[in-house]
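Observations on chain architecture
Take a look at the letters that make up each chain.
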Number of protein chains: 2
Amino acid sequence: MIGLAGAGVAGIAATSGVLALTEEERQPPPATSGDAIPFYGVRQAGIITPAQDRLHFVAFDVTTSKRAELVAMLENWTAAAARMTAGLDAGTIGAVGGIPEAPPDDTGEAIGLPASGLTLTIGFGPSLFRKFGLSGQRPEALEDLPHFPGDAIEEKISGGDICIQACSHDPQVAVHAVRNLARLGMGVVSVRWSQLGFGRTSSTSTSQATPRNLFGFKDGTANLKAEEPALLDEHLWVRDGDGPAWLTGGSYLVSRKIRMVVETWDRTPLGEQEAIVGRTKGTGAPLSGGQEFDEPDLSDKSAIPVDAHVRLAHPTQNQGARLLRRGYNFVDGSDGLGRLNAGLFFLAYQRDPRRGFIPVQTSLARRDSMNEYIRHVSSGIFACPPGLQAADDFWGRSLLA
Amino acid sequence: MIGLAGAGVAGIAATSGVLALTEEERQPPPATSGDAIPFYGVRQAGIITPAQDRLHFVAFDVTTSKRAELVAMLENWTAAAARMTAGLDAGTIGAVGGIPEAPPDDTGEAIGLPASGLTLTIGFGPSLFRKFGLSGQRPEALEDLPHFPGDAIEEKISGGDICIQACSHDPQVAVHAVRNLARLGMGVVSVRWSQLGFGRTSSTSTSQATPRNLFGFKDGTANLKAEEPALLDEHLWVRDGDGPAWLTGGSYLVSRKIRMVVETWDRTPLGEQEAIVGRTKGTGAPLSGGQEFDEPDLSDKSAIPVDAHVRLAHPTQNQGARLLRRGYNFVDGSDGLGRLNAGLFFLAYQRDPRRGFIPVQTSLARRDSMNEYIRHVSSGIFACPPGLQAADDFWGRSLLA
C-alpha cells in the first residue's frame, strides 16, 4: 500500500457520525501495482477471478436505522475498496502523511505491500431487506436457506446484512482490507462474524491446478470455470427478468462453514475414503476410470457407490445444477476436545440458489456417505450485484439510492 | 510433498496403540526440494531461521502414562518431521501408493506442494516433567510464568506438555505437518490448543525487511538476529552449566497470545499512537530522531514518553535483557461483540526467561501505555532442546531415554 502524503485535512471531518472521504479520495485511483486486479467492470471481481490463495470473509450487521448513513458508508467503502484493490491506502491521509491530531485513515499494516491480487466482493443478505423498507426490492430467491438434515448451524456465525469477501495472495492484505472497511463502518455496521481461509479449495480457471481440501482430496475438479462463458450465463449470472433489475448481471453467494472431523477421517482406510469421495486420492480420477478431468461413469455402481459424493453432487443427479465454488480450507485452533477445529469454508456463486445449492445440498444432506465426517455449522446467503462501471457509482446505489 | 509408492506393508502395523514406522521411514530422507531447510543440525531449525511468513503452533497434552509409548511416538515424530521438512509425505505409504485396506500414512493435503521452507521446532513444558518421574531433569528456569498485572489468561489455551512450532511460506504445508504429527500421536497425546498466524511480525535476519503488526507499526526492529553470533550466545542459547545437560545448546520459548483491541486503536490519533509506541508509524524511526535502525535516545523524555513501549522494552531498562522474537499476526474470526478477534501471537526465544521475558514483561505490564489496547489471553513456556545431529537420534532422547 502506498501512502499519499500531504492531502487536505478535510478527509478526516466526520459528518453524522460517519467518516467522510474527500473529493480526491472519491476519484478512481490510478493503477499502481503490477499485481492489481481491476475493481471496475461489468462483473464484480472476486467471482470468476482466478481464485487467490487466501481469504478473509466478513458479515456485518447494520446498526443504524438511518438510510442516509448506510448510503454514505457504502460510498466511502466503494472509494476505499477502489483504492485498496489498486494497492493504495484506504484513504489519502494514511499512516504515512497522517496528521498527529486525527486517527490515520489507513490502519497501516499493509504499508509497503503490493496490491497482491486483492479483490473485494460485496453481497446483501435477506435481513437487510427487512430494514429500510426494502422488501419490495428483495429478490424472491434471496431467502434464508432451509434447514437441511444434519445441520448444526450456529446463528452467531451465520447470516448477516452485508458480506464482504476479501481474497488476496497475501493474507495481511486481505485482513487489512476487511479491517479498514470495518473501521470506516463504525457506527453504521458492526462485525457479525468473520472467517479466515488459508488455502483455496477450488479452481475458477482452467489455468489453475486443482487444489486439495483437508480430506486430502482434490476438490472442485468439475467446477464452473471462467473460460466457459455459455455455462456461466446459464448457471452463474442473474439474467434480465430473473428478478429485480438491480441484481441483473450479479450472482447469489451461498456460504457454509463445514467442520471436518479430520481425526476420524485419518483413521479411515484409503479405499473407504476413495469410495466416499468417488475419486482416487492420488490423482483425483473418477473411480470408474480415466484421468482427473474425465467424466465419472455413473452407470458403474460397483466403481462409484450410490452414496458417493461425486455421484450425489453431479449435475445429472440434480436437474443440471452447477455452481461456481470458491471455498477455502480453515483451521480455527482446536475444539477443546483434543482435536483441530478444521474444515472447509464453502463459498459458491450461482444464478439461482433454488436451482443451484438448495437441491444439491438436499441430495447430499440426505444420502452423502461423507456426512459421517462433516458438520455444517454456519450458513449464509447473499445477493451480489453486478460490477461498478462508473467512477461515481457506488456499492448498493441501484438498490438504495 | 512427494509420495513414495510401493513401500512395504509393515509401515502400517500398529504396536501398543502407537502407529509404527518402517525402517525405511526412519532413515533420513534425501533432500528433494529446493526450498527445504535442513532438519538436522547443531541447533533446531525454526529459531534463527529467517522467519517464514506463516505459522501453525500446537500444544499437546500427553495422555498416556506409559513412557515407552511416549518415546516411540517421539521416534515416529522425528522420522516424519525429517521427511516433511524435506518435502516428502509424513510416511512412505502416503495417499499416493497407499493400500486400500489401511488408513494412508500421510493425510494428503500437501501432495504436490514443495517443502516451502517448513521448519518444525519442539519444546517441552513444565507439566511434562511432573509426569514420568522427570522432575530431576527439569531445568530450574522452566516454571509456569508468573501472573503479570492485567493478565487475562485462559487456561484452556495455555500451557501444554509438548509444543510444536510449524513455520512455512505456505500455510497448507504448516497445517499439514501439525495435523500429521497429531495423527501419529493418537492415543499418546491430544491437541490442547493450536494457533494459526498469518503474517510474521519480526525479522530474525538482517536480510529481512521489518514487517508490521496489527497496530500498523513495524515490529521487532531491535530483535536479536541470526547474524549476531556473540549476542545469540549471550542471550539466546542455553550454555553448558546453565542447567541440565540435555538442554545445553537449546533455548527457552515463551508464547503469549496478545489480543489487540484494534477498533479502539483505530480511533486513536496518530500522534498518540506514535507516543505509545515511541516510534513513527510511517518509517519506524524512534521519536527521538534518525532512521528505523538508529538507537532511540532514551534521555529525551519529551520525545519518548516515560511509558512508551520502546523505552520500557529497551535492554538498558531491563538489565540488558534481549529476546529473539518470532511472533505472528492472527485473526480468529470475531468476538461476538462486533469486533475482530485479532492480535499478536508473541513467540520469543531466550537463554533464561528469568533474565529475559519475565523482567521485561514485568516492566511492561506495570507501566506500558500500550496496555490500554492489549490483553494477554494465553501463556506458555517450553524448553527447546538443541538440534539433532545423527539420523538415529530423536526428539527428546537425551531427556527420556
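Everything numeric in this text was worked out from a predicted model, so none of it was measured.

What about the overall build of chain A?
Of regular secondary structure, chain A possesses ten helices and twelve strands. In summary, chain A has a C-alpha radius of gyration of 22 Å against a globular reference of 21 Å for 401 residues, a match within 12%. C-alpha extents for chain A along the principal axes are approximately 70 × 45 × 40 Å. Taken across its 401 residues, chain A has 61% of its residues classed as buried. Across chain A, every contact between residues at least 6 apart in sequence was considered, and the portion connecting residues at least 24 apart equals 77%. On chain A, roughly 13,900 Å² of surface is accessible, and the fraction owed to carbon and sulfur atoms is 52%. Of the charged side chains in chain A, 37 are positive and 45 negative, and the gap between their average positions amounts to 4 Å.

Regarding the packing of helix H2 (residues 67-85) of chain B against helix H4 (residues 171-184) of chain B
Residues and elements named next belong to chain B. The geometry of H2 relative to H4 is characterised by a closest axis approach of 10 Å and an angle of 155 degrees between their N-to-C directions. With respect to their mutual orientation, H2 and H4 come out roughly antiparallel. Remark: the crossing between H2 and H4 carries right-handed chirality. Across the interface between the two elements, Met73, Asn76, Trp77, Ala80 and Met84 of H2 pack against His176, Ala177, Asn180, Leu181 and Leu184 of H4. Its residues assigned to classes, the contact of H2 with H4 shows seven nonpolar, three polar and no charged.

A short note on the interface of chain A and chain B
In this complex, chain A contributes 56 residues to the contact, which on the side of chain B involves 55 residues. Summed over both sides, the interface of chain A with chain B buries roughly 4,200 Å², with 63% coming from carbon and sulfur. Considering only the side of chain A, the residues that lose the most area to chain B are Arg179, Asp266 and Leu270 of chain A, jointly responsible for 14% of the buried surface there. Applying the counting criterion to the chain A and chain B interface returns two salt bridges. At the level of secondary structure, the elements contributing two or more residues to the side of chain A that touches chain B comprise strand S3 (54-62), helix H4 (171-184), strand S6 (189-197), helix H6 (262-265), helix H7 (270-277) and strand S10 (328-334) of chain A. Looking at the side of chain A that touches chain B, its residues break down into 23 nonpolar, 18 polar and 15 charged.

Quick look at the environment of Leu232 of chain A
All names here are of chain A. Take Leu232: it is sitting in helix H5 (residues 229-235). Overall, the relative accessible area of 3% leaves Leu232 in the buried class. Separated by 103 residues in the primary sequence, Leu232 and Asp335 have C-alpha atoms spaced 39 Å apart.

Brief notes about the UniProt feature "domain: Dyp-type peroxidase N-terminal" (unreviewed entry) in chain A
This chain's UniProt record puts "domain: Dyp-type peroxidase N-terminal" (unreviewed entry) on residues 44-198 of chain A. Measuring from the first to the last C-alpha atom of residues 44-198 of chain A gives 22 Å, for a span that is 24% helix and 20% strand.

Quick word on the state of the cysteines
Residue and element names in this part refer to chain A. Within this structure, the stated rule accounts for zero disulfides over all chains. Considering cysteine sulfurs only, Cys384 is the nearest to Cys163, which forms no disulfide, with 5.3 Å between them. With no disulfide of its own, Cys167 has Cys163 as its nearest cysteine by sulfur position, at a separation of 11 Å. Taking relative accessible area as the criterion, Cys167 reaches 0% and is therefore assigned buried.

Parameters at a glance
Just so you know, the residues in each chain are numbered from 1, in the order the chain's sequence is written. As a convention, the first chain written is A and the first ligand written is 1, with the rest following in written order. The model is predicted, so local features are restricted to residues of pLDDT at least 70 and side-chain atom pairs to those at 80 or more, both for listing and for counting; the totals for chains, interfaces and linings are taken over all residues. Calculated side-chain values reflect all of the structure's heavy atoms, with hydrogen atoms and water omitted. Per the convention used, a helix needs a DSSP run of H or I reaching at least four residues, while a strand needs a run of E reaching at least two, with both numbered from the N terminus. Just to be clear, the radius of gyration here is over C-alpha atoms, and the globule rule we use is 2.2 Å times residues to the power 0.38. Any residue under 20% of the maximum accessible area for its type is buried, any over 50% is exposed, and the rest in between are partly exposed; the area is computed with a 1.4 Å probe on protein chains only. Contacts between residues were defined by any pair of non-hydrogen atoms, one from each residue, lying within 4.5 Å. Under the convention used here, a 1.4 Å probe and the Shrake-Rupley method define accessible areas, while residue burial counts only the protein chains that appear. Under the counting rule used here, the positive set is Lys and Arg, the negative set is Asp and Glu, and His together with the chain ends is not counted. The atoms used to mark charge sites are NZ of Lys, CZ of Arg, CG of Asp and CD of Glu. Axis lines are fitted through C-alpha atoms, for helices just across the contact stretch, and the angle between N-to-C directions can take any value from 0 to 180 degrees. Note on angle classes: values under 35 degrees are labelled roughly parallel, values over 145 roughly antiparallel, values of 65 to 115 roughly perpendicular, and the remainder oblique. Two helices that cross are described as forming a left-handed crossing if the nearer one is turned anticlockwise from the farther one by less than a right angle, and a right-handed crossing if clockwise. Polarity classes work like this: nonpolar for Ala, Val, Leu, Ile, Met, Phe, Trp, Tyr, Cys and Pro, charged for Asp, Glu, Lys and Arg, and polar for all others, with Gly in that last group. Values labelled buried area give the accessible surface lost by two parts on being combined, using a 1.4 Å probe and summing over both. Any carboxyl oxygen of Asp or Glu that lies within 4 Å of a side-chain nitrogen of Lys or Arg is treated as forming a salt bridge with it. UniProt positions are given in the numbering used here, feature names are shortened, and annotations may be inferred rather than shown by experiment. Throughout, a disulfide means two cysteine sulfur atoms within 2.5 Å of one another.

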